[in-house]
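Below are the chains, spelled out letter by letter.
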Amino acid sequence: MSLKNKIIFISGTPCTGKTTLATELANKLTNDGFNCKFIKINDFAIANDFVDGEDPDKFYKIINIEKLDKGLNEELDAFFKEPKDDKIAIVEGHLSHLCHGADKMIVLRLNPNVLKERLDARNYTESKVYENCEAEALAVCSAEAYEFYGEDVSEIDCGDKSIDDLVAICLDIINGSEEYPIGYIDFMDWILSNQ
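Basis of the calculations
- Residues numbered from 1 in each chain as written.
- Predicted model: local features only at pLDDT ≥ 70, side-chain atom pairs only at ≥ 80, totals over all residues.
- Heavy atoms only, no water.
- Helix = DSSP H or I, 4+ residues; strand = E, 2+ residues; numbered from the N terminus.
- Rg over C-alpha atoms; globule rule 2.2 N^0.38 Å.
- Buried < 20%, exposed > 50% of the residue type's maximum accessible area, 1.4 Å probe, protein only.
- 1 Å grid on protein atoms, 1.4 Å probe; cavity = no way out; pocket = protein on both sides within 12 Å on 5 of 7 lines; lining within 4 Å.
- Points joined across faces, edges and corners; volume = space filled by probe spheres on them.
- Nonpolar A, V, L, I, M, F, W, Y, C, P; charged D, E, K, R; others polar.
- Polar contact = N/O pair within 3.5 Å; in protein donor to acceptor, adjacent residues only side chain to side chain.

Examining the overall build of the protein chain
(1) Moving on: A tally of regular secondary structure across the protein chain gives eight helices and seven strands.
(2) Moving on: The C-alpha atoms of the protein chain give a radius of gyration of 17 Å, which matches the 16 Å a tight globule of 195 residues would have.
(3) Moving on: Its C-alpha atoms give the protein chain principal-axis dimensions of roughly 55 × 40 × 30 Å.
(4) Moving on: Scored against the burial criterion, the 195 residues of the protein chain give a buried share of 44%.

Next comes the structure, spelled out in structure tokens:
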């Protein structure tokens, strides 16, 4: 499998490094001569008014996933209809795994103890930190992604890897030379130690 004319989704719990990785991957592909489209799915949802409201308790925007999925696929279809070769699209964000259309679905994973440090550094509330760490320990994004994409989902434990390592792994996943199937990363011990 080549890299050309592929749609790559990168998902994961907040603060696992999705934006950093997706940005570096897009830059590398652009520098390698690809016509690369980079979509930050949260920004895309807000810019296209796919917001149904705001959660009154948690103060985050409620995104209409059906509208987002339809709008995202229309955007990607328009991009791939342009008469240019060597295209690749990267869609980044923790809602991407709830949308259709990816050739490869990559979920970033991170030990919840490390994730907690990152969430604390971004001033997440204590309840939001626990909620996200619990979701990571339970592999919520991976499980939801598997419902949509089955064996086309790859999981990467990004805790001990440099950004260059992660970009290289993503390129291997995209071109089909390496597999990182879900189910091998296990952070369930975090749940037991935080009861």
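So much for the structure itself; the text now carries on.
Notes on the layout of surface pockets
(1) Moving on: Put simply, the largest pocket is a space of about 1200 Å³.
(2) Moving on: For the largest pocket, the lining is made up of 39 residues, of which Pro14, Asn42, His94, Lys128 and Asn132 are closest to its centre.
(3) Moving on: Secondary-structure elements contributing two or more residues to the lining of the largest pocket are helix H1 (18-31), helix H2 (41-47), strand S4 (61-63), helix H5 (126-137) and helix H6 (140-149).
(4) Moving on: For the lining of the largest pocket, the element with the highest residue contribution is H5, accounting for five residues.
(5) Moving on: Among the residues making up the lining of the largest pocket, the classes are represented as 15 nonpolar, 12 polar and 12 charged.

What about the side chain of lysine 128?
(1) Moving on: Here lysine 128 is to be found in helix H5.
(2) Moving on: By relative accessible area, which is 19% here, lysine 128 ends up buried.
(3) Moving on: A polar contact is formed between the side chain of lysine 128 and the side chain of glutamate 131, at a distance of 3.4 Å.

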